[in-house]
Amino acid sequence: MRPKLVHDVLTFDGRTHEVDMKHVEKTYTAWGFVDRVLIEGETAKTATLALTSWKKQYKERFEAAK
């Protein structure tokens, strides 16, 4: 199955990104490249939780750079 693209995901720094959402059986995983860095969230039971996890990983990666 092809990942579904989620448009305009807003992050803590005010940027928006396109994030791919992978749905396998009953789980979701959000992932995407930002500034040539792969950001991948934890596997979750819902798409919303998967995006929340992706945003958390994004923040951990890029907050220190600010």
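Reference entry: report on the structure contained in this document.

Thoughts on the side chain of T11
Line of reasoning, step 1. Within the element layout of this structure, T11 appears in the loop between β1 (4-10) and β2 (16-24).
Line of reasoning, step 2. By relative accessible area, which is 7% here, T11 ends up buried.
Line of reasoning, step 3. Side chain to side chain, T11 and D13 meet in a polar contact 2.5 Å long.
Line of reasoning, step 4. Excluding anything up to four places from it in sequence, T11 contacts H17, W54 and Y58.

Overview of the side chain of T29
Line of reasoning, step 1. The topology assignment puts T29 in strand β3 (residues 27-34).
Line of reasoning, step 2. In this structure T29 comes out as buried when scored by relative accessible area, which is 6%.
Line of reasoning, step 3. Within polar-contact distance, the side chain of T29 engages the side chain of T43 at 3.3 Å.
Line of reasoning, step 4. Apart from the residues within four sequence positions on either side, T29 is in contact with D20, M21, K22, E40, G41, T43 and A50.

Considering the environment of F62
Line of reasoning, step 1. In this structure, F62 sits in helix α1 (residues 47-62).
Line of reasoning, step 2. Between the C-alpha atom of F62 and that of D35, which follows or precedes it by 27 residues, the distance is 10 Å.
Line of reasoning, step 3. If we ignore the near neighbours within four places in the chain, the residues touching F62 are F12, V34, D35, V37 and I39.

So, α1
Line of reasoning, step 1. Counted at 1.5 Å a residue, the expected span for α1 with its 16 residues is 22 Å, and the 22 Å between its end C-alpha atoms agrees.
Line of reasoning, step 2. When we look at burial in α1, the residues that qualify are A50, L51, S53, W54, Y58 and F62. The arc enclosing the buried residues of α1, seen along the axis, measures out at 160°, which places them on a common side. α1 presents T48, K56 and E60 as exposed residues on the side facing more than 90 degrees away from its buried surface.
Line of reasoning, step 3. Contact partners of the buried residues in α1: β1, β2, β3 and β4 (37-40).

Overview of the nonpolar core
Line of reasoning, step 1. A30, I39 and W54 are the most contacted members of the largest nonpolar core, which has 13 residues in total.
Line of reasoning, step 2. When residues of this core are traced back to their parent elements, those giving at least two are β2, β3, β4 and α1.
Line of reasoning, step 3. Top contributing element to this core by residue count: α1, with five residues.
Line of reasoning, step 4. When near neighbours in sequence (up to four residues on either side) are disregarded, A30 contacts V19, D20, M21, I39, E40, G41, A50, L51 and W54.

Procedures and definitions
Residues numbered from 1 in each chain as written. Predicted model: local features only at pLDDT ≥ 70, side-chain atom pairs only at ≥ 80, totals over all residues. Heavy atoms only, no water. Helix = DSSP H or I, 4+ residues; strand = E, 2+ residues; numbered from the N terminus. Buried < 20%, exposed > 50% of the residue type's maximum accessible area, 1.4 Å probe, protein only. Polar contact = N/O pair within 3.5 Å; in protein donor to acceptor, adjacent residues only side chain to side chain. Contact = heavy atoms within 4.5 Å. Expected span 1.5 Å × (residues − 1). Arc of directions from axis to C-beta. Core = buried A, V, L, I, M, F, W, Y, C linked by side-chain atoms within 4.5 Å.

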